[in-house]
Amino acid sequence: MTDNQKTKCHAIIHSASVAAGGVGAGLAQVPGSDNLVIAPIQLTMTISLGKVFDITLGESAAKAALASAAAATVGRTASQLLIGWIPGLGNIVNATTAAGLTETIGWILAGEFDKQSSY
């Protein structure tokens, strides 16, 4: 990954992570509701990351790439069900988890796209 690509990935991933964290915080007391908003944020991040590496992803391919990288959402769902409903604490935990997982998924995808573009 070139420095230019890394800088672009950094901006894309961090923007998506901040957005996901905001949604996670705001919708913490409504279990599962944030998934409807976070999924499109992560989908847009996936497509944008593909563009950094000159990989064109249709919506279905982006969803498949995102799904394979998003297996960790099981942990986010568990934390939301256990703690997410508690005002204050739930908002913090949900925001941190949503942002952290989005960040992790983004860098996993960036690494995979970098490998693909090297072939």
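The shown structure was predicted, so the numbers you read here are calculated from the model rather than taken from an experiment. (Residues numbered from 1 in each chain as written. Predicted model: local features only at pLDDT ≥ 70, side-chain atom pairs only at ≥ 80, totals over all residues. Heavy atoms only, no water.)

Focus on the overall build of the protein
Check the secondary structure of the protein and you find five helices and zero strands. Across the protein, every contact between residues at least 6 apart in sequence was considered, and the portion connecting residues at least 24 apart equals 75%. As displayed, the protein has an accessible area near 6,200 Å², and 67% of this comes from carbon and sulfur atoms. (Helix = DSSP H or I, 4+ residues; strand = E, 2+ residues; numbered from the N terminus. Contact = heavy atoms within 4.5 Å. Areas by Shrake-Rupley, 256 points an atom, 1.4 Å probe, with all protein chains shown as cover.)

Describing the packing of helix α2 (residues 35-52) against helix α5 (residues 89-118)
One can describe the packing of α2 onto α5 by two numbers: an axis separation of 10 Å at closest approach and a directional angle of 25 degrees. With respect to α5, the element α2 is oriented roughly parallel. As for the relative orientation of α2 and α5, their crossing is right-handed in sense. Contacts from Ile-38, Gln-42, Met-45, Thr-46, Leu-49 and Gly-50 in α2 reach Ala-98, Thr-102, Ile-105, Gly-106, Leu-109, Ala-110 and Phe-113 in α5. Taken together, the residues that form the contact of α2 with α5 break down as eight nonpolar, five polar and no charged. (Axes fitted to C-alpha atoms, helices over the stretch in contact; angles between N-to-C directions. Parallel < 35°, antiparallel > 145°, perpendicular 65-115°, else oblique. Left-handed = near helix turned anticlockwise from the far one by under 90°. Nonpolar A, V, L, I, M, F, W, Y, C, P; charged D, E, K, R; others polar.)

Quick word on the confidence of the model for the protein
On average, residues of the protein score 81 in pLDDT, and 76% of them are at 70 or above. When mean pLDDT is taken per element in the protein, helix α1 (residues 3-26) scores highest with 93 and helix α4 (residues 73-84) scores lowest with 60. (pLDDT = per-residue confidence, 0-100.)

Comments concerning unusual backbone geometry
What you tend to see is this: most non-glycine residues have negative phi, and most peptide bonds are trans. Of note, the phi angle at Asp-54 is positive, near 55 degrees, even though the residue is not glycine. Counting through the fold element by element, Asp-54 comes out in the loop between α2 and α3 (59-69).

Topic: α2
In this model α2 runs 25 Å from its N-terminal to its C-terminal C-alpha over 18 residues, within 8% of the 26 Å that 1.5 Å per residue would give. Where α2 is concerned, the buried positions are Ile-38, Ile-41, Gln-42, Leu-43, Met-45, Thr-46, Leu-49, Gly-50 and Val-52. (Expected span 1.5 Å × (residues − 1). Buried < 20%, exposed > 50% of the residue type's maximum accessible area, 1.4 Å probe, protein only.)

What about the side chain of Thr-102?
The residue Thr-102 is located in helix α5 in this model. A relative accessible area of 0% places Thr-102 in the buried class. When near neighbours in sequence (up to four residues on either side) are disregarded, Thr-102 contacts Ile-13, Ala-16, Ser-17, Ala-20, Ile-38, Gln-42 and Met-45.

Concerning the side chain of Thr-46
Residue placement: Thr-46 occurs in helix α2. Apart from the residues within four sequence positions on either side, Thr-46 is in contact with Leu-57, Ala-62, Ala-65, Leu-66, Leu-109 and Phe-113.

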